[in-house]
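Take a look at the letters that make up each chain.
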Amino acid sequence: MKERIEEGKFVELTYRVVDQKSGDVLTTVEFPLGYVHGHNAVLSPQVMAELDGKASGDRISVPIDCRDLYGARDESLVFTDAIENVPEEYREVGTRILMENDKGEAKSFLVTRMDDKTLTIDGNHPLCGRMVVFELEILSVRDATEEEILAGGRPEKGPDIGGIPTRPI
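What counts and what doesn't
- Residues numbered from 1 in each chain as written.
- Predicted model: local features only at pLDDT ≥ 70, side-chain atom pairs only at ≥ 80, totals over all residues.
- Heavy atoms only, no water.
- Pairing = 2+ DSSP bridges.
- Helix = DSSP H or I, 4+ residues; strand = E, 2+ residues; numbered from the N terminus.
- Axes fitted to C-alpha atoms, helices over the stretch in contact; angles between N-to-C directions.
- Patch = residues over 30% accessible without salt bridge, like charges linked within 9 Å, V, L, I, M, F, W, Y side chains within 5 Å.
- Areas by Shrake-Rupley, 256 points an atom, 1.4 Å probe, with all protein chains shown as cover.
- Salt bridge = Lys/Arg side-chain N within 4 Å of Asp/Glu carboxyl O.
- Lys, Arg positive; Asp, Glu negative; His and termini not counted.
- Charge placed at Lys NZ, Arg CZ, Asp CG, Glu CD.
- pLDDT = per-residue confidence, 0-100.
- Contact = heavy atoms within 4.5 Å.
- 1 Å grid on protein atoms, 1.4 Å probe; cavity = no way out; pocket = protein on both sides within 12 Å on 5 of 7 lines; lining within 4 Å.
- Points joined across faces, edges and corners; volume = space filled by probe spheres on them.
- Nonpolar A, V, L, I, M, F, W, Y, C, P; charged D, E, K, R; others polar.

Caption draft 1: Main features of the sheet that holds strand β7 (residues 118-122). Spatially, the four strands line up as an open sheet ordered β4-β7-β6-β5, and their pairing is antiparallel. In the strand order of this sheet, the two ends are held by β4 (78-82) and β5 (96-100), each with one partner. Shown here is a sheet whose adjacent strand axes are inclined to one another by a mean of 35°, direction ignored. Bridge count between β4 and β7: five bridges; the pairing is antiparallel. Looking at the pairing, F79 lines up with I121 of β7.

What follows is the structure, encoded as structure tokens:
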């Protein structure tokens, strides 16, 4: 009998996010994502709830209205400037740029468009305002170890410095 996903189980899965409108695959996670169910929320609460009771080998699709997660798209967070005003290291679509406002608050922007004359950056979350489907495949379900429960997933070990084990922060 297959183990079912419930509180305290270590779960490995892969997933992809598909735009409902266009059918385009927006994100693919091909390497197994491992977590301890009920101890860390690695995906949206709606997706986590749908995983309850599922077993290895199960595939599920969960529609998500990303407006609930990230809000509506805010066009005031989209800026286009002349390419000569943009430093060379930012002139590639997909580049993340951390910018700070006059209050010292940092916000991440993404280079979304570029041509010979202009470059556009967008501070909206890439999924905001979209309707998507999370398509998940559960690869394994088993009891979590105490170490995994404490770490919320697969523990990462750092170097042993002077006999004192460390973990990356």
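Caption draft 2: Up close: the pairing of β5. Across five bridges, the pairing between β5 and strand β6 (residues 106-114) is antiparallel. Each residue of the ladder has a partner; that of L98, found in β6, is S108. In textbook terms, the turn of a hairpin is the stretch between consecutive antiparallel strands, and for β5 and β6 this stretch comprises five residues, one of which, G104, has a positive phi near 85°.

Caption draft 3: View of the sheet that holds strand β3 (residues 59-65). Pairing in this open sheet of four strands is antiparallel, and the strands run β2-β1-β8-β3 from one edge to the other. Among the strands making up the open sheet, the edge pair consists of β2 (25-36) and β3. Taking each pair of neighbouring strands and ignoring which way they run, the sheet shows an average axis angle of 20°. When strand β1 (residues 9-19) meets β2, the two strands line up antiparallel, connected through eight bridges. Counterpart to R16 in the pairing with β2 is T28.

Caption draft 4: Inspection of a negative patch on the surface at higher detail. There is a patch of like negative charges on the surface, built from E6, E7, E50 and D52. Here D52 is to be found in the loop between α1 (45-51) and β3.

Caption draft 5: Broad picture of the confidence of the model for the protein chain. For the protein chain, per-residue confidence averages 87 on the pLDDT scale, and 92% of positions sit at 70 or higher. Confidence drops under a pLDDT of 50 for residues 158-169, and excluding neighbours within four residues, the segment shows 13 contacts in the predicted structure.

Caption draft 6: Structural detail: the layout of surface pockets. Of the volumes computed, that of the largest pocket is approximately 230 Å³. In this structure, the largest pocket is lined by F79, T80, D81, N85, V86, P87, Y90, I97, M99, L119, T120 and I121. Where the lining of the largest pocket is concerned, the elements lending two or more residues are β4, β5 and β7. Its residues placed into classes, the lining of the largest pocket shows eight nonpolar, three polar and one charged. As a volume, the second largest pocket reaches approximately 180 Å³. Each residue belonging to the lining of the second largest pocket can be placed in one class, and the counts come to three nonpolar, four polar and three charged.

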